[in-house]
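Residues per chain, in single letters:
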Amino acid sequence: MIVRLMGEGQYKIDDGLREQLNELDDRALAALEQDDEPALDERLDEMWQVVRERGERLSDEDLSPSDLIIPPSDLSLEETRTLFSEDGLVPDLPSR
Amino acid sequence: MAGLIERMSLVIKSKLSKLLDRAEDPGETLDYSYEQQRQLLTNVKRGIADVATSKKRLQLQTDKLEQSLVRLDSQAREAVAGGREDLARQALERKTLAQQQLQDLDGQIAQLDAQQEKLSTSEKQLAAKIEAFRSQKEVIKAQYSAAEAQVRIGEAATGIGEQMADTGLAIERARDKTEQMQARAGAVEELIAAGTLEDFTAGDQSQLDRELDQLSTGRQVDAELERLKAEVGAGAGKKELEQ
């Protein structure tokens, strides 16, 4: 599957890593819900590390969509939270 | 319950699919999307230029503060030599304040550097994807029926839409940072303009300036006098009188 590390690029990773990422992901959500920024940052860093170490970098010209999009750990809790909202941090995409 | 990343990925995808649902004529959609991509690329370039401008402004302030430090330091020495501890203290207080500001500035410049770096990476990736999209759109327009084209456009547009969201976030974050820095730079400039961080001799003559001037004039006269005394009085004997 393909994973995007926001601000860095896309990686192709083995589907078998999904479980590991899911577990980290659940703990990341728990940290966010508890307003525990250090824990959230650590979980995100761990996810980045897994993807970087075990994944294969896609070229910048690759237009494949990602299955997962992982934000960077240097966002504030508030910024991370707004990433999910419909009118959140990710700006509106072109529309007509 | 989906995790954090899963939810976020879903939000971004739903944004993209809403966009694609609105597409009617595939060829037109492709051209329009390409225009939007070019526009975003222009925005990143502008973002990079803005960060560079802010950085330059902070660097100028750094230069100014460094000059102030040197002047304040020599003025403090002069005051001590003249036995005016009160003046020396004031000069040193200003010097400390300037040093703190200087440290803050260093940190801010480093942050802007990091933003500039991120924007440049994003620009490079977006440019590469736009180029790939451009050649792919011509192929899609030329070779596929409307139904097939719709599917292929969906894939290409999702892939590049994701990059656009990513780049858009980088631009927004850099803009926030730059605005914060501009506000702080403004505050430091006000301090400098108000004379708080300026040396005693700059601008209008204050009471302090005059006192320091008198001090150094007095010391110069003393030294001169000593020299004359030595020349006239001693004749050949002792010419080596330092202040």
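Look up a bit, the structure's there.
Residues numbered from 1 in each chain as written. Chains lettered and ligands numbered in written order. Predicted model: local features only at pLDDT ≥ 70, side-chain atom pairs only at ≥ 80, totals over all residues. Heavy atoms only, no water.

### Comments concerning the pairing of strand β1 (residues 2–5) of chain A
All names here are of chain A.
Okay, so step 1: Here β1 shows a buried face lined by I2 and R4 and a second buried face lined by V3 and L5.
Okay, so step 2: Relative to strand β2 (residues 9–12), β1 runs antiparallel, the two sharing four bridges. In the sheet register, I2 faces β2, and the bridge partner there is K12.
Okay, so step 3: Here β1 folds back onto β2, and the loop between the two strands holds three residues, one of which, G7, carries a positive phi near 90°.
Okay, so step 4: By the bridge criterion, three bridges tie β1 to strand β4 (residues 68–70) in an arrangement that is parallel. (Buried < 20%, exposed > 50% of the residue type's maximum accessible area, 1.4 Å probe, protein only. Helix = DSSP H or I, 4+ residues; strand = E, 2+ residues; numbered from the N terminus. Pairing = 2+ DSSP bridges.)

### Re the interface of chain A and chain B
Okay, so step 1: Between chain A and chain B, the residue contacts involve 48 residues of the former and 45 residues of the latter.
Okay, so step 2: Counting every contact that joins chain A to chain B gives six salt bridges.
Okay, so step 3: Measuring nitrogen to oxygen at the nearest pair gives 2.8 Å for the salt bridge that ties A:R4 to B:E162.
Okay, so step 4: At the surface where chain A touches chain B, the tally comes to twelve residue pairs in polar contact (both at pLDDT 80 or more).
Okay, so step 5: Looking at which element gives the most residues to the side of chain A that touches chain B, the answer is helix α1 (residues 18–33) of chain A, with seven residues.
Okay, so step 6: Class assignment for the residues of the side of chain A that touches chain B results in 23 nonpolar, ten polar and 15 charged. (Contact = heavy atoms within 4.5 Å. Salt bridge = Lys/Arg side-chain N within 4 Å of Asp/Glu carboxyl O. Polar contact = N/O pair within 3.5 Å; in protein donor to acceptor, adjacent residues only side chain to side chain. Nonpolar A, V, L, I, M, F, W, Y, C, P; charged D, E, K, R; others polar.)

### Description of the packing of α1(A) against helix α2 (residues 37–54) of chain A
All names here are of chain A.
Okay, so step 1: Between α1 and α2, whose axes approach to 8 Å, the crossing angle comes to 160°. Judged by the angle between their axes, α1 and α2 are roughly antiparallel. In the crossing of α1 with α2, the sense of the turn from one axis to the other is left-handed. Facing Q20, L21, L24, D25, R27, A28, A31 and L32 of α1, the residues of α2 in contact are A39, L40, R43, E46, M47, V50, V51 and R54.
Okay, so step 2: Along the lines of polarity and charge, the residues of the contact of α1 with α2 split into ten nonpolar, one polar and five charged. (Axes fitted to C-alpha atoms, helices over the stretch in contact; angles between N-to-C directions. Parallel < 35°, antiparallel > 145°, perpendicular 65-115°, else oblique. Left-handed = near helix turned anticlockwise from the far one by under 90°.)

### Comments concerning the nonpolar core
Okay, so step 1: Core analysis: the largest hydrophobic core is formed by 34 residues, its most contacted members being B:L119, B:L126 and B:F133.
Okay, so step 2: Counting only elements with at least two residues in this core, the list comes to α2 (26–81), α3 (85–143) and α4 (146–193) of chain B.
Okay, so step 3: Sort the elements by how many residues they give to this core and α4(B) lands first, with twelve residues.
Okay, so step 4: If we skip the residues at most four places from it in the chain, B:F133 touches A:L63, B:L30, B:S33, B:Y34, B:Q37, B:A156, B:A157 and B:I160.
Okay, so step 5: Counting residues in each nonpolar core, the second largest holds 24 residues, with A:I13, A:W48, A:I70 and B:I5 among its members. (Core = buried A, V, L, I, M, F, W, Y, C linked by side-chain atoms within 4.5 Å.)

### Observations concerning the pattern of salt bridges
Residue and element names in this part refer to chain A.
Okay, so step 1: Under the definition given, this model contains 26 salt bridges over all chains.
Okay, so step 2: One salt bridge connects R52 with E8, and the closest N-O pair in it is separated by 2.5 Å. Placement of R52 in helix α2 and of E8 in the loop between β1 and β2 is noted, with a sequence separation of 44 residues between them.
Okay, so step 3: Judged by its relative accessible area of 44%, R52 is partly exposed.

### Considering α2(A)
Residues and elements named next belong to chain A.
Okay, so step 1: Counted at 1.5 Å a residue, the expected span for α2 with its 18 residues is 26 Å, and the 26 Å between its end C-alpha atoms agrees.
Okay, so step 2: Residues of α2 that are buried include every one of A39, L40, D41, R43, L44, M47, W48, V50 and V51, and no others.
Okay, so step 3: Looking at where α2 begins, the residue whose side-chain oxygen comes 3.3 Å from the main-chain nitrogen of A39 is D36. (Expected span 1.5 Å × (residues − 1).)

### Observations regarding the sheet that holds β1(A)
Okay, so step 1: Taken in spatial order, the four strands of this open sheet run β3-β2-β1-β4 (chain A), and their pairing is mixed. Strand pairing shows two members of the sheet lacking a second neighbour, β3 (56–57) and β4 of chain A, which therefore form its edges.

### Focus: the pairing of β2(A)
Okay, so step 1: With two bridges connecting them, β2(A) and β3(A) associate as antiparallel partners. By the bridge assignment, A:Y11 is partnered in β3(A) with A:R57.

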